[in-house]
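Read off the chains here:
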Amino acid sequence: MSFATRARCPICTVTRTFAARDDFWSCRDELSSDSCELGGCNTRERAMAQVLFSLFDRNTVRSLSIHEAGPVPRGLSAWLDANARRYTKSGYFPAVALGAFVGGIRNEDLARQTFPDGEFDVVIHLDVMEHLYEPFKALNEICRTLKPGGYCLFTAPTEKSRFHSEQVAFIEDDGIRIVGEAEYHGNPQRPEEGSLVTWRYGYDLPLLIQTNTAFDVEVRRFQARSTAVMGYMNEVYVLKRP
């Protein structure tokens, strides 16, 4: 590793040494610390924590009703699981009834949720949107499940050379149609399968969200040694229910 910085982690608040090959291009997946009681964290998880704890102090977060879709057993997800009293985890298991639980994780299709209206103060998802066939229907469902004034906070890879977002996988009568070469990312709930990339997002994503949902959109991007939140494709999208 050729880059290292002492930083106060926004998740656990401990000051540690974070290292990566460089201070920008490798940071999305590589900037990390060897010592972490929460199982480690990547840069977008720290970015999400930075935004969450800028909107609410930690004691308030402990009492909020929070839904996280697609959690991983480390970092911010682990902190919320241990500290937020009304924290709900969900994943998608196609063979299981919606609303049922699999190993403590509630089965939910984000575009067809079983939660009641106005259930949550905050909904979080990290790198889930690029795997949804109907992302804007999912965001409208999230809006429905938020309390008035509630927040949807998410990350989604925003490709540096792309302005127009493009859907690259479609469900059709005879199966899934894929545009170009299929790409799969890790799936924390079904690691043996992976998650097909269905959308490639560009810098028009805020406009698409505003056009297709009731949300206005704020995008936060960081290049901060002090919190080890650096590099590209680590944007946090901040959506507030009117």
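So, here is what we can say about the structure in this document.

Quick notes on the rules
- Positions within a chain are numbered from 1, following the residues in the order the chain's sequence is written.
- A pLDDT threshold of at least 70 governs which residues receive local features in this predicted model, and a stricter bar of 80 or more applies before side-chain atom pairs are shown or counted, although totals over entire chains, interfaces and linings include all residues.
- Side-chain descriptors were evaluated using all non-hydrogen atoms of the structure, hydrogens and water having been removed beforehand.
- Numbering of helices and strands starts at the N terminus; helices are DSSP runs of H or I of at least 4 residues and strands are runs of E of at least 2.
- Atoms counted for the radius of gyration: C-alpha only. Globule rule: 2.2 Å times residue count to the power 0.38.
- Residue burial is assigned from relative accessible area. The probe radius is 1.4 Å, only protein chains are included, and a residue is buried under 20% of its type maximum, exposed over 50%, and partly exposed in between.
- Should any heavy atoms of two residues lie within 4.5 Å, those residues are considered in contact.
- Each accessible area value is a Shrake-Rupley result obtained with a 1.4 Å probe; residue values ignore everything except the protein chains displayed when judging cover.
- Strands were regarded as paired on the criterion that DSSP finds at least two bridges between them.
- Only C-alpha atoms enter the line fits that serve as axes; for helices the fit covers just the stretch in contact. Angles between N-to-C directions range over 0 to 180 degrees.
- A 1.4 Å probe that fits into a set of points on a 1 Å grid over the protein atoms alone but cannot get out defines a cavity; an open set with protein on both sides within 12 Å along at least five of seven lines defines a pocket, and lining residues are those with an atom within 4 Å of a point.
- Grid points are joined across faces, edges and corners, and a volume is the space filled by probe spheres set on the points.
- For this scheme, ten residues count as nonpolar: Ala, Val, Leu, Ile, Met, Phe, Trp, Tyr, Cys and Pro. Four count as charged, namely Asp, Glu, Lys and Arg, and the remainder, Gly too, count as polar.
- A carboxyl oxygen of Asp or Glu within 4 Å of a side-chain nitrogen of Lys or Arg is what we treat as a salt bridge.

For the chain, the count of helices and strands is 6 helices and 16 strands. Radius of gyration (C-alpha) of the chain: 17 Å, near the 18 Å computed for a compact globule of 242 residues. Projected onto its principal axes, the C-alpha positions of the chain cover 50 × 40 × 35 Å. A burial count over the chain gives 51% of its 242 residues as buried. Taking the intrachain contacts of the chain between residues at least 6 apart in sequence as the baseline, contacts between residues at least 24 apart amount to 62%. Within the structure as shown, the chain displays about 11200 Å² of accessible surface, and the carbon and sulfur contribution to it stands at 49%.

Read from one edge to the other, the open sheet built from 8 strands follows the order 5-6-4-3-7-8-16-15, with strand pairing classed as mixed. Two strands bound the open sheet, and with one partner strand each, they are strand 5 (101–102) and strand 15 (216–220). In the sheet, strand 4 (residues 86–91) pairs with strand 6 (residues 105–107) via 2 bridges, with the strands oriented parallel. Of the residues in strand 6, the one forming a bridge with Gly91 is Asn107. Helix 2 (residues 43–55) contacts strand 7 (120–126), strand 8 (146–155), strand 15 and strand 16 (236–240) of the sheet and is inclined by roughly 155° relative to strand 8. Contacting strand 7, strand 8 and strand 16, helix 5 (residues 135–145) crosses the sheet at an angle of about 140° to strand 8.

Okay, empty space enclosed by the protein next. Any empty space left between atoms is shown by rolling a water-sized probe over those atoms. All chains considered together, the criterion is met by 1 cavity of 30 Å³ or more. Reported here for the largest cavity is a volume of approximately 40 Å³. Looking at the largest cavity, the residues that line it are Cys9, Arg16, Phe18, Ser32, Ser33, Cys36, Gly40, Cys41 and Arg46. Looking at the lining of the largest cavity, its residues break down into 4 nonpolar, 3 polar and 2 charged.

Before going further, it helps to examine helix 5. For helix 5, the buried fraction is high: 8 of the 11 residues fall into the buried class. Next to the buried residues of helix 5 lie strand 7, strand 8, strand 14 (199–200), helix 6 (205–212) and strand 16.

Quick look at the environment of Ala169 now. One can find Ala169 in strand 10 (residues 169–172). Classification of Ala169 as buried rests on a relative accessible area of 0%. Separated by 62 residues in the primary sequence, Ala169 and Asn107 place their C-alpha atoms 22 Å from one another.

What follows concerns the pattern of salt bridges. If you walk through the whole model with that rule in mind, you get 21 salt bridges. For Asp29, the salt bridge identified is with Arg44, shortest N-O distance 3.3 Å. Of this pair, Asp29 sits in helix 1 (residues 27–30) while Arg44 sits in helix 2, and the two are 15 residues apart along the sequence. By relative accessible area, Arg44 is classed as buried at 13%. We note a salt bridge from Arg44 to Asp127, for which the minimum N-O separation is 3.1 Å.

Let us look at the environment of Asp34. Here Asp34 is to be found in the loop between helix 1 and helix 2. Assessed through its relative accessible area of 85%, Asp34 is described here as exposed. Expressed as a C-alpha distance, the spacing of Asp34 and Thr17, which sit 17 residues apart in the sequence, is 8.1 Å.

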